[in-house]
Amino acid sequence: MTYRIAMNFAILFLVTGLFLLFLFLLIRMKSIAGTYRVMAEDFAYAIETGRMSEEELAEKCASLCVISSENKEEVYRIGEEPGRLFWGKWMFCRPKGTLQVYIRHKAPLVFSGAECSVEFLFECTGEWNQLFREWRSFAFWYLGITVIAVFVCFVLIQTELLPIRTMAEQVNRLTLQNIHGRRLNEEGTENELKVLAAVINRMLDRMEETYESQKQFVSEASHELQTPITVLQGYSSMLRRWGSEDREVLAESVKAIEEEAKSMQELVEKLLFLSRHERKKLPFAKERFDMAEVVSELEKEFDYLSGHREMSCPVCESVSVYGDRQLIKQALRVFLDNAVKYTNDGDRICVYCRNRSGACEVVVEDSGIGMKKEELEHIFARFYRADTVRGKNIDGHGLGLSIARLIIDGHAGKITIRSQYTKGSSFMITIPRQRSK
């Protein structure tokens, strides 16, 4: 990259130099031509007034030709035109191997009472040689300046790119095994490079966080699957030993295996749901529906599952929602299922469905065991189970709220939680008004 930039700079500098040399040549030639044009006009006036003799004219110019303006015939001539190579006003010839340069100019003249024009041919070999020396000197110095400028440019680019090469080497040494705690050194870098180093470090932070999250997810998923697998192995061993003879052992084992298989199925389905979301393949079959109907269905469904808890729906207002009916119902089922799990017989569970100026607000409220303040910060984390519920024989894998939040977020919704330990919890789900697409 350094060589390419230096070469491009050199080419640009040389092209600019050629243009300047050509421009310099044109300006100097125009200056020389202007000098001889004035001289031709002065000589024509001198001829017309008789101030200059023929011998003086022969000394001043190489040749002179007076041409009649009427019939274009030659009236008077002094000297002969040398050479054969013409270029506009300029004439070049090489008698005896030496370069001679001439320039011609015309001027009006009244000769012997008739209107004529006089054409002068001046030798300007000396001026041309001086022009060539100036051009050669200019080219020599410009070429030297170009070499120095390219060298300085190369050194400066090498110096400026050194931090980038250092950063590239540091990034190249990073792997998933050593990414932890290793970051680019932002000290010594300035301006855009410092910003670039900071951006790369933030990217590495996100990569490390994602990698650690995946490791934790795999570890926790393996741990959750280990328990039912152990149970299945235990009961299958029991069946192999006594199941064929003891009917009670057979019935107990079959029931336990069915329950654990169902639990594993639910866990795998939740893991697949989360995996589809991570790969951005979570389908949303959105349609327009009435949220009041979904809330009524869930209230009836959990009325049978709540046991001796007081299940009610004090407010159920009709509100049109544009979204995936089944997924939203699945998310609300998570909140109601948790309300049943974390309440006791005699506790109260209320579901509200309100229309807030076209927006939908669903509230699931219970008077159960509630949560501590520090627990509220982690309840949406995957596989999280609060310490206050561990050991209380409450079923669950700690994935329900994570899935519910993904569904609500997918509908641009918001979840607000109010909870007091031993007093109960309230989950408020708000889905904004959306137009059908």
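Here the structure is a predicted model, which means the values were calculated and not measured.

Thresholds applied
Residues numbered from 1 in each chain as written. Predicted model: local features only at pLDDT ≥ 70, side-chain atom pairs only at ≥ 80, totals over all residues. Heavy atoms only, no water. Helix = DSSP H or I, 4+ residues; strand = E, 2+ residues; numbered from the N terminus. Buried < 20%, exposed > 50% of the residue type's maximum accessible area, 1.4 Å probe, protein only. Contact = heavy atoms within 4.5 Å. Areas by Shrake-Rupley, 256 points an atom, 1.4 Å probe, with all protein chains shown as cover. Salt bridge = Lys/Arg side-chain N within 4 Å of Asp/Glu carboxyl O. Pairing = 2+ DSSP bridges. Core = buried A, V, L, I, M, F, W, Y, C linked by side-chain atoms within 4.5 Å.

Asks: I'd like to hear about the overall build of the protein chain, residue by residue, with values.
Replies: Scanning the protein chain from N- to C-terminus turns up nine helices and 13 strands. Sorting the 437 residues of the protein chain into buried and exposed places 36% on the buried side. Partitioning the contacts of the protein chain with sequence separation of at least 6, the portion at a separation of at least 24 is 64%. With an accessible surface of roughly 27500 Å², the protein chain has 55% of that area assigned to carbon and sulfur atoms.

Asks: Any chance you could break down the pattern of salt bridges for me, citing the residues and the numbers?
Replies: Evaluation of the coordinates by the stated rule reveals twelve salt bridges. With a shortest N-O distance of 2.5 Å, Glu-119 and Arg-104 are connected by a salt bridge. Residue Glu-119 is located in strand β6 (residues 114–123), and its partner Arg-104 is located in strand β5 (residues 100–111); the two are separated by 15 residues in the primary sequence. The same class applies to Glu-119 and to Arg-104, which are both buried. Beyond isolated ion pairs, a larger network of salt bridges with shared partners links Arg-104, Lys-106 and Glu-119.

Asks: Residues and numbers for the pairing of strand β4 (residues 90–93), please.
Replies: Across the two faces of β4 the burial is the same, with Trp-90 and Phe-92 and Met-91 and Cys-93 all buried. Relative to β5, β4 runs antiparallel, the two being bridged by four bridges. Counted as the bridge partner of Phe-92 is Val-101 from β5.

Asks: Requested: an account of the nonpolar core, with residues and values cited.
Replies: Judged by nonpolar contacts, the single largest core of 38 residues is most densely connected at Met-291, Leu-332, Phe-335, Leu-336 and Phe-427. When residues of this core are assigned to their parent elements, the largest contribution, nine residues, is made by helix α7 (residues 325–341). Grouped together as the second largest cluster of nonpolar side chains are 26 residues, Leu-57, Cys-61, Ile-78 and Phe-122 included.

Shape descriptors only; they carry no functional weight alone.
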